Amino acid sequence: MISVRADAGRILIGKQLLPQTGKRCQALRLFGQCAIVSDTNVARQYADILKQSLISTGFRPTLITIPAGEKSKTLEQAGAICDRMIAAGLDRQSFVIGLGGGMVGDISGFVAAIYHRGIPHVQVPTTLLAMVDSSIGGKTGVNTRDGKNLIGAVHHPLLVIDDLDVLKTLPRREFNQGFAEIIKHAVIADAKMFRTLQSRQAGEAPALQSLVKRNIEIKSRIVAKDERDRTGERALLNFGHTVGHAIERAGDYRKFLHGEALSLGIVAACAISIRRAGLAPDQRDAIVDLLRQFELPTTLPKNFPREKVFDALKFDKKFEGGKVRFVVTPRVGAAHLANDVTLDNIREAVKDL
């Protein structure tokens, strides 16, 4: 097992960690009642193991299961979870455990941030995507009709438990989407990791632990410089997300998984980077080839409603005061915010997908 200090808490990476959750929470001096927030798919596989671990160490867990999928990440669903917690008698000394992927981590963290004005949050990510990205940095939130994560709070988890064994049950498509965020981290901050990924060793079990650790380090370092996304440092993590989020919304959050939409957003960001940051075309090709190695999409279906992508762009949080905060890469391993990217540049990149 590897232990990493990140944000305001600790992240554990290893195998057979899920059955140890109760002891790990006990070591942090948590006690009493807690809520386990999970979705219908994950709860079926892992909720009993987690509940037994908590009960055996003296905790009194309440399992709250919500429908799987991004459609559950709403303010109404967050309110319903809070109602269940109130009915179960959870108080200011209680805590919330998010058991699931990014959607569950986001909404459980948001609930923890607002319940009694803030109670501890523990995350048990069950996807590679959540382990290397959404469980780090403290951003929590829910979606609205007009866009992703428009309502939320910064609320760092006290503990994150990355049990690599749970990844064995992930469908290949779910597993591979995590590499979109990993490739993004490599493009913006780590050329050496990019070369490692190109060697195709990353997906092998012995390398997975160190790969997860490296991605946590990259994101944690960037977040520490700009926790609340004010100076522009944290915005680097949005590479590929401006177009990616718009594609997700245009597809009604059903056509593409988050990592798949991000992959397409990365391709669009590379096209813009060639024009606005001097990215060499052969480096763009290397990035696209790497996305394809992990079976991630790099082109939109011909019949995909591109106009809906353009419509969704204006709801993106990265548009401030009518200006685009767009992240570009001049070369693999580096990125910066550009102030000369126009909506026409983005429209052209989307048309070429």
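Residues numbered from 1 in each chain as written. Predicted model: local features only at pLDDT ≥ 70, side-chain atom pairs only at ≥ 80, totals over all residues. Heavy atoms only, no water.

A. Looking closely at the sheet that holds strand S1 (residues 2-6). With mixed pairing, the seven strands of this open sheet are ordered in space as S1-S2-S9-S6-S5-S3-S4. Whereas interior strands pair on both sides, the edge strands pair on one side only; in this sheet they are S1 and strand S4 (60-66). Adjacent strand axes in the sheet meet at a mean angle of 20 degrees, parallel and antiparallel pairs treated alike. Where strand S2 (residues 9-14) meets strand S9 (residues 159-163), five bridges bridge the pair, whose relative direction is parallel. For leucine 12, the partnering residue across the bridge sits in S9 and is isoleucine 161. Here helix H2 (residues 40-55) sits on the sheet and contacts strand S3 (33-39), S4 and strand S5 (95-100); the angle it forms with S3, its principal contact strand, is near 160 degrees. (Pairing = 2+ DSSP bridges. Helix = DSSP H or I, 4+ residues; strand = E, 2+ residues; numbered from the N terminus. Axes fitted to C-alpha atoms, helices over the stretch in contact; angles between N-to-C directions. Contact = heavy atoms within 4.5 Å.)

B. Structural context of the pairing of S9. A large share of S9 lies buried, amounting to five of its five residues. Of the two faces of S9, both are covered, the one formed by Leu159, Ile161 and Asp163 as well as the one formed by Val160 and Asp162. Judged from the two bridges that link them, strand S6 (residues 121-125) and S9 form a sheet pairing that is parallel. Residue pairing across strands places glutamine 123 opposite valine 160, the latter belonging to S9. (Buried < 20%, exposed > 50% of the residue type's maximum accessible area, 1.4 Å probe, protein only.)

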